[in-house]
Amino acid sequence: MAILQIVTYPNKLLEKKCKKVADFDERLWSLLDDMYDTMVEADGVGLAAPQVGILEQIAVIDAGDENGKIELINPVLIEKRGNENGIEGCLSIPGIYGEVKRASFIKIKAQDRMGKAFILEASGFLARVIQHEMDHLNGVLFTTKAAELFDEDELETIEG
Ligand code: CO
């Protein structure tokens, strides 16, 4: 296992669409393991493959809830409901935060590391993290969706 280098804005890799994963092999499994370790080391709750320079539809998530580690390969949104505002940040855009409107409930279809399809329903914070990571796979950064951006000091003022 290894800690990977996180690609940061304005690297153009972050704005490219990712291609679907076709091979569910050792290379994918070790990438998933490395991405998870890299995310934990960086104190993040989600990490998408383009953030480590790989343009493939892969994301790892751990929102600190009972779901634990979630690996998403080739995720597709199949349903969304409601919306809510929340503050987001991104390991690829350190020190910048913004309020983003996201669906409050989502249902997605994805594949696990063996290529097996599964359905996942999520709401609240986990739904937000999944939508943020799925955006990465389409080359979309949260800063393009935020009404306003803040730095660390401004964030403290907002959150009290
Ligand atoms: Co991000």
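Bear in mind the structure is a predicted one, so any value in this text is a computation, not a measurement. (Residues numbered from 1 in each chain as written. Predicted model: local features only at pLDDT ≥ 70, side-chain atom pairs only at ≥ 80, totals over all residues. Heavy atoms only, no water.)

A. Representation of the packing of aromatic side chains in the model. Counted under the stated rule, the structure contains zero aromatic pairs. Against the face of Tyr36 rests Lys69, its NZ or CZ located 4.7 Å from the ring centre. The positively charged end of Arg81 is found above the aromatic ring belonging to Phe105, 4.2 Å away from the centroid. (Phe/Tyr/Trp six-rings, centres within 6.5 Å; stacked < 30°, edge-to-face > 60°. Lys NZ or Arg CZ within 6 Å of the ring centre and 35° of its normal.)

B. Summary view of the pattern of salt bridges. Using the criterion set out here, one finds 12 salt bridges in the structure. Measuring nitrogen to oxygen at the nearest pair gives 2.8 Å for the salt bridge that ties Arg113 to Glu71. A residue pair is termed long-range when its members are at least 10 positions apart, and Arg113 in the loop between strand S6 (105-111) and strand S7 (117-123) and Glu71 in strand S3 (residues 70-81) qualify at 42 residues. With relative accessibility at 12%, the residue Glu71 sits in the buried group. The salt bridge involving Glu121 is made with Lys107; its shortest N-O contact spans 3.9 Å. Of this pair, Glu121 sits in strand S7 while Lys107 is found in strand S6, placing the two residues 14 residues apart along the sequence. Within the structure, one salt-bridge network assembled from shared partners comprises Glu88, Arg102, Arg128, Asp135 and Lys145. (Salt bridge = Lys/Arg side-chain N within 4 Å of Asp/Glu carboxyl O. Helix = DSSP H or I, 4+ residues; strand = E, 2+ residues; numbered from the N terminus. Buried < 20%, exposed > 50% of the residue type's maximum accessible area, 1.4 Å probe, protein only.)

Everything listed here is a matter of geometry and, on its own, says nothing about what the molecule does.
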